[in-house]
Each structure stands twice: as structure tokens, then as C-alpha cells.
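# Notes for the structure review
In case you want the letters, here they are:
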Amino acid sequence: MDVIWLNKNPILNLQRGRSLRRRLNSWMVGAGLRLGTSRVWGYPRHLIIDLINVCGLKCPICPQGRCEIPRQPTQITPDFFQTLMKKLGPYLYTLTLTNWGEPLKHPRAVELIRYARKFPCYIGFSTNLQYLPDEVARDLLTIGIDEIGCSIDGCTKETYDTYRVGGNFNTAITNLKKLVNMRKELNVDLPKIRWQVLLNRYTESEIDDIIAMAEDIGVDSVVFLPIFLDIARMFTHSPADRLARDKDWLPMNPDLSWYDYKTGDLKNITRKCSKLWDSMVVHPDGAVSPCCAVIEEKDDFGLLDNTMNFWKVWNGPAYRTARKLMKHRKPDPQHNVCNHCIKHGILIF
């Protein structure tokens, strides 16, 4: 669903500055995307960095909550983060500092975000708001983040507890109010505060109440995200198998879901994926994935390190093969994680 803006005059700095080299880089990336080239002679325009791959909650159909992400718990080092940002930061339009972990669990999260703010990109992250000391909240509100997504699934404790297993509803709401009220006290416009809700069988009945509560608290926007089916088995099982496992979580109203309730297929299938040309996901250990749905190391496209062997990965065999497959819309008999989306439609938009 679209973002519901409660703030009628949001200030969104989608482009901080007008760097000529960033515009030239964007043109090169866009040309590669339009032509479907296997090599891309430009840096990603969008970057996801998972600061830490630990969350702490046990959400029942999240691969992290199910303990189905076979990666060692780790957190990004400041040295590697700075090296990565020096290489890619000048060309980015967006920087997201969340993937499968809770970014505020990183003990130096504020320091890393402050460093990222040196670069002219739109910075945002999502948090479950289970940890937000006053000093951290104040720092987040004054270092120039553009948007904070607050993941609170429901406006009652009963609904929230159904999915956010291990979380505390009162803590999340208290911290949401803290961000809003402290921002008023500091008299700053950024970051924009977004309440994000996974649309499932339990939250669908609270849509209107969540919007009313969000407006009363004073958040800038609300977004209802259709829930994903069984991401851990996305690349190994059919849509029907994944539907069978998670169908009880889908909304009763099929209009609130992306899935066909009989087959598990996406309703509006698209097989065009721009992510292979203009975005990158970097895990805390430097492993690179083509999109945020890739959770297994065997499906990674390479490994970055402090020597910043960027081009070796970005135009390496895995990326080039995936781009060729996507261009011709034809799955490869050899293993490549992108085969699934070419066959069944793109899941992560």
C-alpha cells in the first residue's frame, strides 16, 4: 500500500546537493539498465548496509525470528563502514541501514550514522524501538537522518504480541512518542518518523485505529506493508509450498495481499528487476547480495573487504550472469539465486 502522509507538508531531502559526478554516474547506471548490459560502469545508486545481523525478537514468519538465516552473528566494523562509504557514498541517492538486524543494537550505530551523513544521500533505517535511551534518541534527531521507520505491528498489545514475539508493545509506543516529542522540543524537521505495519490477519482489522493513533501521536506517515510469505525458502520452494506454510498469516481480505490465495503466486507478476544494475546489499561481514531477500551465504555474489575490491564483485561472474538472465528472462540451469524471480516474478520491489 502507499504511504499515508499525516504530515501535510513533509520536507523530504531526496537529493542533498547536486553533484555532477553523481548525476554522471546515475546516467551510466541508467544506460546499463536500459540496455541490459552485463557490466555496469557506474556505482550503485542505492545501498543497503546491515549494520548488525542480530534482532532479538522472534517474529513467527521472519527468517530471523525463525532462526533460518544461516549467517554467523556479527556487526560491521567502523573501519570497513568508512571504507565502504568513501567508495560508494559520493554516488548514492539512498542509503538504508537495516536489513535483517536491529541497527540500534550496534554499539556504535550513532557514530556510523554520523559518518554516513558526510555524504549527500537520503539516509533511513527501520527499528523495532525496543532500545532507545534518551541520549541515543537525541543524537538520532540531530545528526541529519532523513527518515526513521518504526516497526509496530498493531495498535493494541494483543495484536502486537501475536507477531512481535519477544517485543514489548508499551516500550515501542513509549519510544515512538519519545521521538516525536523530543523532535518538537529540539525544533527540527528531520528525521521524518514513519509508523510501519505488516499487514497480516491480525493487523488488518486495526488499519483505521492505527492511522488515528498515529495522527494523535504526531508521526509523519504510516505505511502498511503486505506480508511476505516464507522468505527463508523463497529460492528453494514453490509459491504453493510457501503459501501452505504461511497462509494463516495472510489477511482475510485478499485485496490487502500481493498473493493469489489459491496458488501462492504474485498477483501482478513483473520480471523486470532494476536492483541488479543500480543497488547493492552489504552484510556486516562484507558479503554482497543482489537484494535484501537473499539470506544464505551460498547465494552471495561476492565479498568486499577493506581493500575495496568493488569492481571485482560488482562486475564479477555472479552479477554478470544474473544480469544476462534477467535481460533474456530465461532461467539458467546452473544455480543462480535470481532464477527464482525470473521464473515466478519479482518479489522484492
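In this text the structure is predicted, and so the values were computed from the model without any measurement. (Residues numbered from 1 in each chain as written. Predicted model: local features only at pLDDT ≥ 70, side-chain atom pairs only at ≥ 80, totals over all residues. Heavy atoms only, no water.)

### Focus: the overall build of the protein
Within the protein, the secondary structure is distributed over 12 helices and 10 strands. Taking 20 Å as the expected radius of gyration for a compact globule of 349 residues, we find that the protein reaches 20 Å, a close match to that expectation. Projecting the C-alpha coordinates of the protein onto the three principal axes gives extents of approximately 50 × 50 × 40 Å. Counting over 349 residues, the protein shows a buried share of 56%. Taking the contacts inside the protein whose residues are at least 6 apart along the sequence as the reference set, 71% of them involve residues at least 24 apart. For the protein, the accessible surface area stands at approximately 15,600 Å², while carbon and sulfur atoms represent 51% of it. Taken as two groups, the 47 positive and 38 negative side-chain charges of the protein have centres that lie 10 Å from each other. (Helix = DSSP H or I, 4+ residues; strand = E, 2+ residues; numbered from the N terminus. Rg over C-alpha atoms; globule rule 2.2 N^0.38 Å. Buried < 20%, exposed > 50% of the residue type's maximum accessible area, 1.4 Å probe, protein only. Contact = heavy atoms within 4.5 Å. Areas by Shrake-Rupley, 256 points an atom, 1.4 Å probe, with all protein chains shown as cover. Lys, Arg positive; Asp, Glu negative; His and termini not counted. Charge placed at Lys NZ, Arg CZ, Asp CG, Glu CD.)

### Observations regarding the packing of aromatic side chains
Per the stated rule, a full pass over the model turns up 13 aromatic pairs. Geometrically, the ring pair formed by Tyr 43 and Tyr 91 is stacked, given 4.3 Å between the ring centres and 15° between the ring planes. Here Tyr 43, found in the loop between helix H1 (20-35) and strand E2 (46-49), pairs with Tyr 91, found in the loop between helix H2 (78-88) and strand E3 (94-96); they are 48 residues apart in sequence, far enough to count as distant. For the residue pair Tyr 43 and Tyr 91, the accessibility class agrees, reading buried in each case. The rings of Trp 41, Tyr 43, Tyr 91, Phe 301, Phe 310, Trp 311, Trp 314 and Tyr 319 are connected pair by pair, giving a single aromatic cluster. (Phe/Tyr/Trp six-rings, centres within 6.5 Å; stacked < 30°, edge-to-face > 60°.)

### Quick word on the pattern of salt bridges
A full pass over the atoms with the stated rule returns 15 salt bridges. When the shortest N-O distance is used, the salt bridge between Asp 230 and Arg 66 registers 3.5 Å. On the criterion of sequence distance, the pair formed by Asp 230 in the loop between strand E7 (221-226) and helix H8 (239-246) and Arg 66 in the loop between E2 and H2 is long-range, its members being 164 residues apart. Measuring nitrogen to oxygen at the nearest pair gives 2.7 Å for the salt bridge that ties Arg 183 to Asp 220. Here the residue Arg 183 occupies a position in helix H6 (residues 169-186), and Asp 220 occupies one in the loop between helix H7 (207-217) and E7, the gap between them amounting to 37 residues. Each of Arg 66, Glu 68, Asp 230, Arg 233, Arg 245 and Asp 246 takes part in a single network of salt bridges with overlapping partners. (Salt bridge = Lys/Arg side-chain N within 4 Å of Asp/Glu carboxyl O.)

### Notes on the packing of H2 against helix H3 (residues 109-116)
At their nearest, the axes of H2 and H3 sit 10 Å apart, and the two run at 15° to each other. When the axis of H2 is compared with that of H3, the two are roughly parallel. The two elements H2 and H3 meet at a crossing, and its hand is right-handed. From H2, Pro 78, Phe 81, Gln 82, Met 85 and Lys 86 reach across to H3, where they touch Glu 111, Leu 112, Tyr 115 and Ala 116. Among the residues forming the contact of H2 with H3, the class breakdown is six nonpolar, one polar and two charged. (Axes fitted to C-alpha atoms, helices over the stretch in contact; angles between N-to-C directions. Parallel < 35°, antiparallel > 145°, perpendicular 65-115°, else oblique. Left-handed = near helix turned anticlockwise from the far one by under 90°. Nonpolar A, V, L, I, M, F, W, Y, C, P; charged D, E, K, R; others polar.)

### Here's the deal with the pairing of E7
Of all the six residues making up E7, five are buried; the element is thus mostly covered by neighbouring parts of the structure. In this sheet, E7 lies alongside strand E1 (residues 4-5) in antiparallel orientation, the contact comprising two bridges. Residue pairing for E7: Ile 4 is matched across the bridge by Val 222. The pairing of strand E6 (residues 192-199) with E7 spans six bridges and is classified as parallel. Within E7, the residue paired with Leu 198 across the bridge is Leu 225. (Pairing = 2+ DSSP bridges.)

### As for the nonpolar core
Formed by 105 residues in total, the largest nonpolar core has its most connected members in Ile 49, Phe 81, Leu 95, Leu 140, Trp 195 and Val 219. Here this core gets seven residues from one element, more than from any other, and that element is H6. If near-sequence neighbours (up to four positions away) are discounted, Leu 140 is found in contact with Leu 104, Val 110, Ile 113, Phe 125, Leu 132, Ile 145, Ile 148 and Pro 191. (Core = buried A, V, L, I, M, F, W, Y, C linked by side-chain atoms within 4.5 Å.)

### Examining the sheet that holds E6
By definition, the strands of a sheet pair up through backbone hydrogen bonds, in either a parallel or an antiparallel sense. Spatial strand order, E1-E7-E6-E5-E4-E3-E2-E8-E9-E10: 10 strands in an open sheet with mixed pairing. Only two strands of the sheet have a single partner each, and these edge strands are E1 and strand E10 (302-303).

### What about unusual backbone geometry?
Looking along the chain, the bond that leaves Leu 190 and enters Pro 191 is cis, with omega of 5°. Turning to its location among the elements, Pro 191 is positioned in the loop between H6 and E6. Look at Asp 230: it is not a glycine, yet its phi comes out positive at around 40°.

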